[in-house]
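Here's the letter readout for the chains.
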Amino acid sequence: PVSSGTTAIEVWIAPRNQLVAAVHDAWNRPVAGAQVELRGEGVVASEGTNEAGQARLRFLKPGRYELRITHADFEPLAEPL
């Protein structure tokens with residue numbers, strides 16, 4: 001889990017080179033409409049969170065990335081992966 005302020009972010013690697021992010025507020029409510037982005041060498045993958053607060057980024061290559069999560073109502077988050 002990655003935590004920033006009043007928002008909780010859970011990130012896990014799923015089968016077939018996928019990353020799943022779940023974004024929740026301080027009351028554990030899902031945050032819909034957050035932008036989840038991975039940036040790496042020559043790679044940018046981006047997806048908005050759904051009503052369950054989840055985003056799935058698919059077909060990722062192994063490597064180092066920076067995870068960025070933004071939403072109009074929250075401070076942006078950036079963490080290396």
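What comes next concerns the included structure. (Residues numbered from 1 in each chain as written. Predicted model: local features only at pLDDT ≥ 70, side-chain atom pairs only at ≥ 80, totals over all residues. Heavy atoms only, no water.)

As for the pattern of salt bridges
All chains considered together, the criterion is met by three salt bridges. Residue Glu37 is joined to Arg39 by a salt bridge in which the shortest nitrogen-to-oxygen separation is 2.6 Å. Residue Glu37 is classed as buried on the basis of its relative accessible area, which comes to 16%. On the accessibility criterion, Arg39 (36% relative accessible area) is partly exposed. (Salt bridge = Lys/Arg side-chain N within 4 Å of Asp/Glu carboxyl O. Buried < 20%, exposed > 50% of the residue type's maximum accessible area, 1.4 Å probe, protein only.)

Some details on unusual backbone geometry
Phi at Asn28 takes a positive value of approximately 65°, unusual for a residue other than glycine. Locating Asn28 in the fold gives a position in the loop between strand 3 (18-24) and strand 4 (35-40). Located in the positive-phi region is Phe59, a residue other than glycine, with phi close to 60°. Position of Phe59 relative to the elements: it lies in the loop between strand 6 (54-57) and strand 7 (65-71). The class of Phe59 is exposed, set by a relative accessible area of 74%. (Helix = DSSP H or I, 4+ residues; strand = E, 2+ residues; numbered from the N terminus.)

What to know about the pairing of strand 3
For strand 3, the tally of buried residues reaches seven of seven residues, placing the bulk of the element in the interior. Of the two faces of strand 3, both are covered, the one formed by Gln18, Val20, Ala22 and His24 as well as the one formed by Leu19, Ala21 and Val23. By the bridge criterion, four bridges tie strand 3 to strand 6 in an arrangement that is antiparallel. If you follow Leu19 over to strand 6, its bridge partner there is Leu57. (Pairing = 2+ DSSP bridges.)

Points about the pairing of strand 4
Note: strand 4 against strand 5 (residues 43-48), six bridges, orientation antiparallel. Note that in strand 5 the partner of Gln35 across the bridge is Gly48. Taking the residues that link successive antiparallel strands as the turn, the strand 4-strand 5 hairpin has two residues, and the phi of Gly42 there is positive, at about 70°. Here strand 4 pairs with strand 7 via six bridges, running antiparallel. What sits directly across from Leu38, in strand 7, is Leu67.

Thoughts on the environment of Thr49
When you line up the elements, Thr49 lands in the loop between strand 5 and strand 6. Sequence-wise, Thr49 and Ala32 are 17 residues apart; in three dimensions their C-alpha atoms are separated by 5.1 Å. Not counting the four nearest positions on each side in its chain, Thr49 is found in contact with Val23, Val31, Ala32, Gly33, Ala34, Val36, Gln54 and Ala55. In this structure the side chain of Thr49 is engaged in a polar contact, spanning 3.0 Å, whose partner is the backbone nitrogen of Gly33. (Contact = heavy atoms within 4.5 Å. Polar contact = N/O pair within 3.5 Å; in protein donor to acceptor, adjacent residues only side chain to side chain.)

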